[in-house]
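The lines below spell out each chain.
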Amino acid sequence: MNKIIIGARGSKLSLAYANRVKKLILKKNSHLSDAMIEISPITTSGDIFHDKKLSEIGGKNLFCKEIEEALLQNKIDIAIHSLKDMASEEIESLHIGAYIERNDPREALVSLKFNNIKQLDTAIIGSSSRRRNLQLQLINKNILVKNIRGNIDTRIQKLKDGEFDAIILALAGLKSLELEQHAKQIFSISEMLPAVGQGIIAAQCKKENKEISEILKAVDHPETRVCAIAERNLLKVLGGDCDTAVGGFARLEGQYLILSSQLFSDSGSEAFYHEAKGKIEDAESIGYTVATELLKKAGNHFKKN
């Protein structure tokens, strides 16, 4: 193999993720050299239409579509995604060859004025997620949540420009860009269940490319993989899209996997919660169990897509 091309979004965060994967590949595959691995930035639909809500421009997978197309067309060998951006069902000929060890999955409050969300009164918070919006309202009903898009630097600049009193960002992104000093409050998992797959980098390749699959296999993190499988099957069974307000997080305790999930009704006025525990090897069925129980609890208050 002469050259391995890794495709990723062109944002600082996505390129940081791609470089992390590159370093891991070099560490775990001694026959490869730095010069043999190239990172190729790719502009996605989600990057182009950054002034609109994702639901207005086609929903989930907008940050993955063009990267997957490049993979299918053999323009790249490995596609790097934030797992939470991926659709719950993959293209048949592709697979996630490696789930990179999970970063911190928690949410963070970033503000120049406030240190705690409970201090906010009639304040404006920037958030790009309906799930986050509804979770924030459960914590403090006095805040106004407004949509915010763009990369982390852009969002922090909007905060500095006074467009928002605070913004909510994934702590994993802040840490990856060494910006965690901006986090004034870090929410516990129980306060704000994260998005399915939050904090996980997915390295995707063609199923038929056995050489690349073997290279990625060496950097796969088994514990992260089983958690991701449970969470993604939860989303798949729920029929979730980018407007579905659902949080899901799996964790391991010894030989067991525990999956917690919170689903909001279509109106956003009700929240349903379920948690299940089972053996690690049953990760997929645990995801199914939690999703079906949530659907039962929600009844006709949630319309499955």
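Just above, that's the structure.
Rules behind the numbers
Residues numbered from 1 in each chain as written. Predicted model: local features only at pLDDT ≥ 70, side-chain atom pairs only at ≥ 80, totals over all residues. Heavy atoms only, no water. Helix = DSSP H or I, 4+ residues; strand = E, 2+ residues; numbered from the N terminus. Rg over C-alpha atoms; globule rule 2.2 N^0.38 Å. Contact = heavy atoms within 4.5 Å. Areas by Shrake-Rupley, 256 points an atom, 1.4 Å probe, with all protein chains shown as cover. Lys, Arg positive; Asp, Glu negative; His and termini not counted. Charge placed at Lys NZ, Arg CZ, Asp CG, Glu CD. Core = buried A, V, L, I, M, F, W, Y, C linked by side-chain atoms within 4.5 Å. Buried < 20%, exposed > 50% of the residue type's maximum accessible area, 1.4 Å probe, protein only. Pairing = 2+ DSSP bridges. Axes fitted to C-alpha atoms, helices over the stretch in contact; angles between N-to-C directions. Left-handed = near helix turned anticlockwise from the far one by under 90°. Nonpolar A, V, L, I, M, F, W, Y, C, P; charged D, E, K, R; others polar. Phe/Tyr/Trp six-rings, centres within 6.5 Å; stacked < 30°, edge-to-face > 60°. Lys NZ or Arg CZ within 6 Å of the ring centre and 35° of its normal.

K.L.:
Whenever I open this one, the overall build of the chain confuses me. Can you help?
P.N.:
Counting secondary structure elements, the chain contains 9 helices and 13 strands. In terms of C-alpha radius of gyration, the chain reaches 19 Å, essentially the compact-globule figure of 19 Å for 305 residues. Expressed along its principal axes, the backbone C-alpha trace of the chain runs to roughly 60 × 45 × 35 Å. Across the chain, every contact between residues at least 6 apart in sequence was considered, and the portion connecting residues at least 24 apart equals 68%. By element, 47% of the accessible surface of the chain is carried by carbon and sulfur atoms, the whole surface being about 14,100 Å². Distance between charge centroids for the chain: 2 Å, based on 43 positive and 40 negative side chains.

K.L.:
Is there a simple way to think about the nonpolar core in this case?
P.N.:
Where a protein is soluble and globular, its nonpolar side chains tend to be buried together. Ranked by size, the top nonpolar core spans 37 residues in total, and within it I25, I78, I80, I152, I167, L174 and L216 carry the most contacts. No other element matches the 5 residues that helix α1 (residues 12-28) contributes to this core. Ranked by size, the runner-up nonpolar core spans 23 residues in total, among them C227, L238, V246 and A283.

K.L.:
Where do I start with helix α3 (residues 65-72) in this structure?
P.N.:
Residue pairs spaced three or four apart in an α-helix point in one direction, given the helix's 3.6 residues per turn. Of the positions making up α3, those classed as buried are E66, I67, E68, A70 and L71. Downstream of α3 by a residue or two, N74 has a phi angle that is positive, lying close to 60°.

K.L.:
Just to check I follow, could you spell out the sheet that holds strand β12 (residues 256-264) for this structure?
P.N.:
One key point about sheets: their strands pair by backbone hydrogen bonds, in either a parallel or an antiparallel sense. Ordered in space as β11-β12-β13, the 3 strands form an open sheet in which the pairing is antiparallel. Each of the sheet's edge strands pairs with one partner strand only, and the pair in question is β11 (246-253) and β13 (271-279). Within the sheet, the average angular offset between the axes of one strand and its neighbour, ignoring direction, is 15°. Across 8 bridges, β11 lies against β12 in antiparallel orientation. Across the sheet, residue G248 finds its bridge partner in β12, namely S261.

K.L.:
How should I be thinking about the environment of N147 in this particular structure?
P.N.:
Within the fold, N147 resides in strand β7 (residues 144-147). For the pair N147 and N133, spaced 14 residues apart in sequence, the C-alpha to C-alpha distance is 9.0 Å.

K.L.:
What exactly am I supposed to notice about the packing of helix α8 (residues 222-238) against helix α9 (residues 283-298) here?
P.N.:
When two helices pack together, you describe them by how their axes are tilted relative to each other and by the distance separating the axes. Two elements in contact, α8 and α9, have axes separated by 7 Å at closest approach and are oriented at 35°. Considering how the two elements wind past one another, α8 and α9 form a crossing that is right-handed. Between α8 and α9, the contacting residues are V226, I229, A230, N233, L234, V237 and L238 on the first element and A283, E284, G287, Y288, V290, A291, T292, L294 and L295 on the second. Of the residues that constitute the contact of α8 with α9, the class distribution is 12 nonpolar, 3 polar and 1 charged.

K.L.:
Would you explain unusual backbone geometry in this entry?
P.N.:
Most peptide bonds take the trans form, and the phi angle of most residues other than glycine is negative. Unlike most non-glycine residues, N74 shows phi in positive territory, near 60°. A residue is classified by how much of its surface remains accessible, and N74, at 56% relative accessible area, is exposed. For E178, which is not glycine, the phi dihedral falls at a positive 55°. Along the chain, E178 falls in the loop between α6 (171-176) and β9 (183-186). Take E178: its relative accessible area is 64%, and that puts it in the exposed class.

K.L.:
What's the story with helix α4 (residues 130-139) in this structure? I'm lost.
P.N.:
Residues of α4 that are buried include every one of R131, R132, L134, Q135 and L136, and no others. Packing partners of the buried residues in α4 comprise β5 (107-110), β6 (124-127), β7, β8 (166-170), β11 and β12.

K.L.:
How should the packing of aromatic side chains be read in this particular structure?
P.N.:
To describe a pair of aromatic rings, you give the distance between the ring centres and the angle between the ring planes. According to the stated counting rule, one finds 0 aromatic pairs in the structure shown. One residue, K277, lies across the ring of Y256, its end atom 5.0 Å from the ring centre.

K.L.:
Looking at this structure, I do not really get the pairing of β13. What am I missing?
P.N.:
Looking down a regular strand, the side chains alternate between one sheet face and the other. In the sheet, β12 pairs with β13 via 9 bridges, with the strands oriented antiparallel. Note that in β13 the partner of F264 across the bridge is A271. As consecutive antiparallel partners, β12 and β13 are separated by 6 residues, and within that stretch G268 has a phi angle of approximately 85°, a positive value.

K.L.:
Mind showing me how you'd approach the sheet that holds strand β2 (residues 37-42) here?
P.N.:
Spatially, the 5 strands line up as an open sheet ordered β2-β1-β3-β10-β4, and their pairing is mixed. Since the sheet does not close on itself, it has two edges, and those belong to β2 and β4 (94-99), each with one partner. Averaged over all pairs of adjacent strands, the angle between strand axes in this sheet comes to 30°, irrespective of strand direction. Sheet strands in contact with α3 are β1 (4-9), β2, β3 (78-82), β4 and β10 (201-206), and its direction is about 165° off that of β3.

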